[in-house]
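Now for the letters of each chain:
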Amino acid sequence: MYSIEKTPFGYKLTHRGNSSAETTRKWIADIETILEQHEGDFSVLVDMRTFIPVNRDAFAGAQMGIQLAMRKGLKRVAVITANPVLSFQMKRLLGEAGGFEMSRFIDAKTCDDWPQRAIEWLVSGVDPDKQPASVHAG
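Residues numbered from 1 in each chain as written. Predicted model: local features only at pLDDT ≥ 70, side-chain atom pairs only at ≥ 80, totals over all residues. Heavy atoms only, no water.

Caption draft 1: Molecular detail of the sheet that holds strand β3 (residues 42-51). The 5 strands are arranged β1-β2-β3-β4-β5 in an open sheet whose pairing can be described as mixed. Looking along the sheet, the strands with just one partner apiece sit at the ends: β1 (2-7) and β5 (103-107). Strand-to-strand twist in this sheet, taken as the mean axis angle between neighbours without regard to direction, amounts to 15 degrees. As defined by bridge partners, strand β2 (residues 10-17) adjoins β3 across 7 bridges and the pair is classed as parallel. Residue pairing in the sheet places G10 in a bridge with S43 of β3. Contacts from helix α1 (residues 21-36) reach β1, β2 and β3, with the element oriented near 15 degrees to β1. (Pairing = 2+ DSSP bridges. Helix = DSSP H or I, 4+ residues; strand = E, 2+ residues; numbered from the N terminus. Axes fitted to C-alpha atoms, helices over the stretch in contact; angles between N-to-C directions. Contact = heavy atoms within 4.5 Å.)

See below:
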């Protein structure tokens with residue numbers, strides 16, 4: 001299951017549970033429809049804290065969605081996870097799609113202020129990995 005919300009910086013994608021090839025196809029169609037109407041650069045917050053690591057079909061579909069977004073003006077991505085396997089998959093996915101440099105990955109289990117760090121990255125380019133560790137949860 002997923003939701004897509006318009007935000008001041010672009011979009012917030014929330015993924016919950018797991019993803020089938022059918023769900024991924026629907027997600028791509030929704031992204032295409034939204035981006036057809038979008039003008040200019042945008043950023044995306046991807047909240048995957050309760051998402052189950054993706055299967056191959058979903059992985060390939062997600063790559064297509066990322067590449068489409070990049071062609072339409074995707075500037076920055078903040079991926080929020082709470083699962084190291086999913087974090088690894090998303091790093092690989094964005095790397096293979098050509099979007100690794102524009103992406104930052106935040107582990108919600110170790111970073112209490114992940115919403116603030118994500119927004120600072122998306123809006124102002126403040127790298128969450130280069131902020132003081134003292135704000136991280138223990």
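Caption draft 2: Expanded view of the packing of α1 against helix α2 (residues 56-71). One way to put it is that α1 packs onto α2 with a least axis distance of 8 Å and a crossing angle of 5 degrees. Judged on the interaxial angle alone, α2 and α1 are roughly parallel. In this structure, α1 uses A21, T24, W27, I28, I31, E32 and L35 to contact α2, whose residues at the interface are D57, A58, G61, A62, M64, G65, L68 and A69. The residue inventory of the contact of α1 with α2, partitioned by class, reads 10 nonpolar, 3 polar and 2 charged. (Parallel < 35°, antiparallel > 145°, perpendicular 65-115°, else oblique. Nonpolar A, V, L, I, M, F, W, Y, C, P; charged D, E, K, R; others polar.)

Purely geometric stuff here, so don't read any function into it on its own.
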